[in-house]
Amino acid sequence: MLNSFGSIFAFAIALEAQMRDYYQAIGAVERAKDADKRRQNLERVRRENVTEIKLEPIDGLDEADYVLNLDGAESQRNAEGLALRFYQDVAPKINVREAQRALERCAKQYEAYLA
Amino acid sequence: MTRRVKQYINGSWVESNASTYTPVINPATCEVLAECPDAPVSEVDQAVKAASAAFEDWRRIPVLSRAQYMFRLKTMLEERFEDIAALIVSENGKTRDEARGEVRRGIESVEFAASVPTIMRGYRLEDVSSGIDETAERQPLGVFAAITPFNFPMMVPLWFLPTAITTGNTFVLKPSPQTPLSTELLFELLDELDLPEGVVNLVNGGKDAAMAIMEHAEVVGVSFVGSTPVARIVYETCAKYGKRVQAQGGAKNYIAVLPDANMEASVANIMGSVYGCAGQRCLAGSVIVAVGEAYEPLKAELLKRASSLRVGYGLDESTQMGTVISSAAKERIHRMVDQGVQEGAQLLLDGRNIKVEGYEDGTFVGPTILDGVQPQMTVAREEIFGPVMSLMHVPDFETAIEVINKSHYGNAASLFTSSGKAAREFKYRVRAGNIGINVGVAAATASFPFGGQRDSFFGDLHGQGLDSIEFYTDKKILIERWL
């Protein structure tokens, strides 16, 4: 469930680990490096921006909507599209600006891949 | 055999010779994680004597060098961040995010302590008389101690220890016997820092150890966080033995909501305030005072949001509310809810019989709402320290302020409104140490002092911020003339 600051960041971190492994498997070395950098950055942002006074329940998001399917000929484009949608959906739900900005930056990178 | 928590005295880990031990229980799984010794007075004496012996050398270590230990401690805490958070969840029962938030706040206190070379400086005035200059210098005092609670087992010790030692004092910490493991981990990191022997010391135990600290002639000051009855004893005992003291007690925090508040955003924040850490924090919102027409929409939204909170084991990222600390706490909270009903409140949402799959024996109390609460009821006056919201309806803003100011506690109070005038009036008149405007958890950050008023705080100087520099140092005046 994507119902808290931590669950959203945990999902994003796991998603980037999956993307990194996938990019490595298909030989997309630079994108694998990008994904790992995003993963590390998200871990840091989670650590530095978990703000006790603004921890609030989050609703309206369903983890099942963002499950990566990395099989098939269109898998890369589909996965990047899904990651973009995930970051676009979750960023507005986060009430700490620096953490929100990190998620928006991930979205921008996927947007650039898909352009 | 269950692991026994060790003590850290004079730079070494030592087994206690305690005759009794308190089980440290994971409140969600009921697993016994360790046993915490009830340290005898002699062990407290060893710790204090080690700290006392270390003081004269430690205060001569340049303040810039002392601050370097804090930079290294921050790095270690960042590196172990997730491990520490998980350990807090295991022994305390809060959610992972709440534990992360606690570690973050603790790190902020370490960062504050790293600024001691700047903020500990004294001041000087030339020519107070012809050719005579006057200087005020801050000097450390000796051995300080802290007696800390279960609800923030990492953050609260870090409110005190870093600033105390960076200002040149030495330290003895006695954490809650219910949650000694986070503190033990903190001391593992302090051990890695390679501080001189005796600068920091850890003793475990309950009342006897606490009294031994307060009565010890070589302890110059004590910080305490806990309940009001104990805070009062700490204040009186320390005063009797001539010590500095800051004793933070219990709370009954009111949140007033005006009809002009942004209801959706307000309720989301109120959820975090009332049900965060399962209501076990001294800044938790407890009584929601709905003013006039705010009542009906607020009640509906609170009920909807509270009913959908996901209660579970804190290590599950999707858990939004964890356990209370113990079965004794759970029973006490149940009794308070019963009493509220007996005194005339209506049970709008009952969390007493909640079952969490896989953790059937855990000490869970679900989100609870009592409606129709009146100021004279016990649930409106006394601290519940659990996930229980008391909803009160008052006709106007004036009555809201009147009700809030009748409380004998004064830790925090919040107002949700879009009116700047009402906000200023609230801030100006409400007798609480921490005021939130559209913020339900009015928690002072590390560079601001933290403490309540009335029965929520006993002492003069608050914890954190520049108050902590005042608390941990004395000002010595030098008047000089060169002939």
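Higher on the page you've got the structure.
In this text the structure is predicted, and so the values were computed from the model without any measurement. Residue numbering note: each chain is counted from 1, following its sequence as written. Here every chain gets a letter starting at A, and every ligand a number starting at 1, in the order they are written. Only residues with pLDDT of at least 70 are given local features in this predicted model, and only at 80 or more are side-chain atom pairs given and counted; all residues enter the totals for whole chains, interfaces and linings. Neither water nor hydrogens contribute to the side-chain values; these are computed over all heavy atoms in the structure.

(A) Summary view of the overall build of chain A. Only DSSP runs of H or I reaching four residues or more are called helices, and only runs of E reaching two or more are called strands; each is numbered from the N terminus. Broken down by element type, chain A carries four helices and zero strands. Order of helices (α) and strands (β) in chain A, N terminus to C terminus: α-α-α-α. With the radius of gyration taken over C-alpha atoms, the globule rule is written as 2.2 Å times the number of residues to the power 0.38. By the compact-globule yardstick of 13 Å for 115 residues, chain A fits well, its C-alpha radius of gyration being 14 Å. Taking the principal axes of the C-alpha coordinates as reference, chain A spans close to 45 × 25 × 20 Å. Only protein chains enter the accessibility calculation, which uses a 1.4 Å probe; a residue is then buried when its area is under 20% of its type maximum, exposed when over 50%, and partly exposed in between. By residue count, 50% of the 115 residues in chain A fall in the buried class.

(B) How the structure looks around the interface of chain A and chain B. Note on contacts: a residue pair is in contact if any heavy atoms of the two residues lie within 4.5 Å. The partner chain B presents 23 residues to the 19 residues of chain A that form the contact. Note: buried area is the sum, over both parts, of the accessible area (probe 1.4 Å) each one loses when the two are combined. Both faces combined, the contact of chain A with chain B buries some 1900 Å², and carbon together with sulfur accounts for 53% of it. What counts as a salt bridge is simple: a side-chain nitrogen of Lys or Arg found within 4 Å of a carboxyl oxygen of Asp or Glu. For the pair chain A and chain B, the interface holds three salt bridges. Between A:R46 and B:E317 there is a salt bridge, with the nearest N and O atoms lying 4.0 Å from each other. Residues adjacent in sequence count toward polar contacts only when both atoms are side-chain atoms; beyond that, a polar contact is any pair of N or O atoms within 3.5 Å, and within protein one must be able to donate a hydrogen and the other to accept it. For the pair chain A and chain B, the interface holds nine residue pairs in polar contact (both at pLDDT 80 or more). Broken down by secondary-structure element, the contributors of at least two residues to the side of chain A that touches chain B are helix 1 (5-26) and helix 2 (29-49) of chain A. Taken together, the residues of the side of chain A that touches chain B break down into eight nonpolar, five polar and six charged. When residues are grouped by polarity, Ala, Val, Leu, Ile, Met, Phe, Trp, Tyr, Cys and Pro land in nonpolar, Asp, Glu, Lys and Arg in charged, and all others, Gly among them, in polar.

(C) The pattern of salt bridges, seen in detail. Enumeration over the complete set of coordinates arrives at 42 salt bridges over all chains. Note that B:E102 is salt-bridged to B:K94, the shortest N-O span being 2.7 Å. Given a relative accessible area of 0%, B:E102 falls into the buried group. Two residues, B:D316 and B:R310, come together in a salt bridge whose shortest N-O distance is 3.8 Å. Under the relative-accessibility criterion, B:R310 is labelled partly exposed at 34%. Beyond isolated ion pairs, a larger network of salt bridges with shared partners links A:R46, B:E82, B:R96, B:D97, B:R100 and B:E317.

(D) Structural detail: helix 6 (residues 155-166) of chain B. Every helix has an expected span of 1.5 Å times one less than the residues it contains. In this model helix 6 of chain B runs 17 Å from its N-terminal to its C-terminal C-alpha over 12 residues, within 8% of the 16 Å that 1.5 Å per residue would give. B:G168 sits one or two residues past helix 6 of chain B and shows a positive phi near 105°.

(E) Examining the sheet that holds strand 5 (residues 123-129) of chain B more closely. All names here are of chain B. Pairing within the open sheet is antiparallel, and its three strands lie in the order 5-6-22. A single partner strand is all that each edge strand has here, and the edge strands are strand 5 and strand 22 (473-481). Sheet twist, expressed as the mean angle between neighbouring strand axes with direction ignored, is 25°. Pairing between strands is defined by DSSP: at least two bridges between them are needed. Relative to strand 22, strand 6 (residues 132-140) runs antiparallel, the two sharing nine bridges. Note on strand 22: the bridge partner recorded for A136 is I477. Each axis is a line fitted through C-alpha atoms, and for a helix only the stretch in contact is used; angles between axes span 0 to 180 degrees, taken between their N-to-C directions.

(F) The side chain of B:S109, seen in detail. Position of B:S109 among the secondary structure elements: in helix 4 (residues 96-114). Apart from the residues lying within four places of it in its own chain, the contact partners of B:S109 are B:L158, B:W159, B:P162, B:A446 and B:Q464.

(G) Region of the structure containing the packing of helix 4 of chain B against helix 6 of chain B. Residues and elements named next belong to chain B. Following both chains from N to C, one finds helix 4 and helix 6 inclined at 10°, their axes separated by 8 Å at the closest point. Between helix 4 and helix 6, the angle falls in the class roughly parallel. Residues E102, R105, G106, I107, S109, V110, F112 and A113 of helix 4 pack against M155, L158, W159, P162, T163 and T166 of helix 6. Of the residues in the contact of helix 4 with helix 6, the class split is eight nonpolar, four polar and two charged. An angle below 35 degrees is treated as roughly parallel, one above 145 as roughly antiparallel, one from 65 to 115 as roughly perpendicular, and anything else as oblique.

(H) Layout of unusual backbone geometry. All names here are of chain B. Positive phi is not limited to glycine here, since R454 has a value of about 50°. Turning to its location among the elements, R454 is positioned in strand 20 (residues 453-454). Look at R454 and you get partly exposed, because its relative accessible area is 23%. If you check the backbone angles, Q464 has positive phi at about 70° while not being a glycine. Relative to the helices and strands, Q464 is located in the loop between strand 21 (457-459) and helix 16 (465-472). Judged by its relative accessible area of 3%, Q464 is buried.

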